[in-house]
Amino acid sequence: MQSAFVGPPALRYFCQKFNIMRVHHLFWGILIFSTAACSNNQHIQQLQEQTEAVHDEAMKDLATLNRLSRSLKKAYAELDSVSNETLKAQMGKAVEQMDKAESEMMEWMAQYRSPEGKPASEAKVYLENELSKISKNRDDIRNAIQAAQALQNSGK
Amino acid sequence: MKYLIASLLLLFFWSACITPENKSLPYLGERRLAANGDTIYPSIRDFTFIDQDSQWVNNATFANKIYVVDFFFIHCPTICPKVKANGLRIYQKFLHDNRIMLLSHTIDVKNDTIAALRQHAEKLHIDSQKWKLVTGNKDDIYSIADDYYSIAKENPEAPGGFDHSGRLILVDKNRHVRSFCNGTDAEDTDRFMHDIEILLKEQFPTDAK
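Residues numbered from 1 in each chain as written. Chains lettered and ligands numbered in written order. Predicted model: local features only at pLDDT ≥ 70, side-chain atom pairs only at ≥ 80, totals over all residues. Heavy atoms only, no water.

Peer 1: What should I look at first to understand the overall build of chain B in this one?
Peer 2: Helix and strand counts for chain B stand at five helices and nine strands. Seen in sequence order, chain B has helices and strands lined up from the N terminus as α-β-β-β-β-β-α-β-α-β-α-β-β-α. Out of the 209 residues in chain B, the part that is buried amounts to 47%. Within chain B, contacts between residues at least 6 apart in sequence are counted, and of these 70% link residues at least 24 apart. Accessible surface computed for chain B: about 10800 Å², of which carbon and sulfur atoms make up 55%. (Helix = DSSP H or I, 4+ residues; strand = E, 2+ residues; numbered from the N terminus. Buried < 20%, exposed > 50% of the residue type's maximum accessible area, 1.4 Å probe, protein only. Contact = heavy atoms within 4.5 Å. Areas by Shrake-Rupley, 256 points an atom, 1.4 Å probe, with all protein chains shown as cover.)

Peer 1: Teacher, can you tell me more about the interface of chain B and chain A here?
Peer 2: One frequently used descriptor of interface size is the decrease in accessible area upon assembly of the parts. At the interface, 20 residues of chain B touch 21 residues of chain A. Regarding the contact of chain B and chain A, the summed buried area is about 1700 Å², with carbon and sulfur atoms giving 51% of it. Our count for the contact surface shared by chain B and chain A stands at six salt bridges. One salt bridge connects Lys-110 of chain B with Glu-107 of chain A, and the closest N-O pair in it is separated by 3.4 Å. Our count for the contact surface shared by chain B and chain A stands at 10 residue pairs in polar contact (both at pLDDT 80 or more). At five residues, helix α4 (residues 138-151) of chain B tops the list of elements feeding residues into the side of chain B that touches chain A. (Buried area = accessible area lost by both parts, 1.4 Å probe. Salt bridge = Lys/Arg side-chain N within 4 Å of Asp/Glu carboxyl O. Polar contact = N/O pair within 3.5 Å; in protein donor to acceptor, adjacent residues only side chain to side chain.)

Peer 1: Is there a simple way to think about the sheet that holds strand β5 (residues 66-72) of chain B in this case?
Peer 2: Where strands meet in a sheet, backbone hydrogen bonds hold them as pairs that are either parallel or antiparallel. Residues and elements named next belong to chain B. Spatially, β7-β6-β5-β8-β9 is the arrangement adopted by the five strands of the open sheet, whose pairing is mixed. The sheet is open, and its two edges are formed by β7 (131-134) and β9 (177-182), each paired on a single side. On average, each strand axis in the sheet is tilted by 20° relative to the strand beside it, whichever way the strands run. Together, β5, β6 (100-106), β7 and β8 (167-171) form the strand contacts of helix α2 (residues 79-93), whose direction differs from that of β5 by roughly 165°. (Pairing = 2+ DSSP bridges. Axes fitted to C-alpha atoms, helices over the stretch in contact; angles between N-to-C directions.)

Peer 1: Please clarify how the pairing of β9 of chain B should be interpreted in this entry.
Peer 2: A regular strand places its side chains so that they alternate between the two faces of the sheet. Residues and elements named next belong to chain B. Burial analysis of β9 places five of its six residues in the buried class, which makes it a mostly covered element. Here β8 runs beside β9; their pairing, made up of five bridges, is antiparallel. Bridge assignment links Val-171 to a residue of β9, and that residue is Val-177. Between β8 and β9, which pair antiparallel one after the other, the connecting turn spans five residues, and Arg-175 there sits at a positive phi close to 70°.

Peer 1: Explain the environment of Arg-175 of chain B here, please?
Peer 2: Residue and element names in this part refer to chain B. The topology assignment puts Arg-175 in the loop between β8 and β9. Separated by 111 residues in sequence, Arg-175 and Asn-64 place their C-alpha atoms 9.9 Å apart. Setting aside residues no more than four positions away along its own chain, Arg-175 makes contact with Pro-42, Ser-43, Ile-44, Arg-45, Asp-46 and Asn-59.

Peer 1: I would appreciate a short explanation of the packing of helix α3 (residues 62-78) of chain A against α4 of chain B in the present structure.
Peer 2: A packed helix pair is summarised by two numbers, namely the angle formed by the two axes and the spacing between the axes. Look at α3 of chain A against α4 of chain B: their axes get within 10 Å of each other, and the N-to-C directions meet at 120°. Of the two possible hands of crossing, α3 of chain A and α4 of chain B adopt the one that is left-handed. Between α3 of chain A, through Leu-62, Ala-63, Asn-66, Arg-67, Arg-70 and Lys-73 of chain A, and α4 of chain B, the contact on the second element is made entirely by Lys-138, Asp-139, Tyr-142, Ser-143 and Asp-146 of chain B. (Left-handed = near helix turned anticlockwise from the far one by under 90°.)

Peer 1: What should I look at first to understand the pattern of salt bridges in this one?
Peer 2: Between side chains of opposite charge, pairing is possible as soon as their charged atoms come close. On inspection of all chains with the given rule, the structure shows 25 salt bridges over all chains. Through salt bridges with shared partners, one network takes in Glu-57, Arg-138, Asp-139 and Arg-142 of chain A.

Shape descriptors only; they carry no functional weight alone.
See below:
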């Protein structure tokens, strides 16, 4: 076995200890291992970028959401309660839906941490979970905006 | 002839060098004409918020000063840290110039309490007399963000309003918006800091500092 190796004694000792038959087997092993680790890191980086991109995308809708909320609250206050009971209840529900979606975004931001320094498997699970949460929140914000706009248009 | 060309080139470069110093900043936003024919530029409305020291902050806080505005969240994971880093560069550059202040509004009024703002200010090592981190009624903050952002926008056709873009906005001592930059971009912030110097010269022509 010793004759298979050309190289420093330390490398020879290492290969003998772990029963590696040829030095190029060692290189292939390192190559495969580092490629897998690199691909894993890239996947985690992509997940993090994707999560934060969804967050930024949803944040851009917050001004529209709040503008609609202010407008509905103003209209609500101006409407007579007796003759517009149903419409006022719908408006109240729409404002509540918008407040909830916005509040969930703030909660998400307060608890989200970049998983730097965590083991790869843990970071992956964490980011997949965060991506799922923030994607749902983005959809909730959009749905709340659509519901408020529909209500606003129905009153025109 | 050679001397003439060289002199013309020299004159060209010399004028190119001095032009920016003489430049004045435009008034941003859609202007309108008053009944007497005067041009009216959009201006920032009255406001009242509360800062990291539990002190009221209103238009009087910025009387006879120019100020830099932004909107942020303490826990924002993406844009805000970059904007704060560039905001800190502005703060450091004009730290001893009492003609300029900074005003940062939190959009997250639930989590960014006065105590949280104070802690954030301590972490950034900023002087509360120079840089106000303010909170208040959520709708009032979004509403004034609409004012600032609808004036300071790249595309005049765009609807305006807070867009999580990390914009830094420069307001003159008469509440007019005069410049803005992308606060996530260091180079654009450099250009913005130069605009601040131009505005200081324009608004305080007789001051040494």
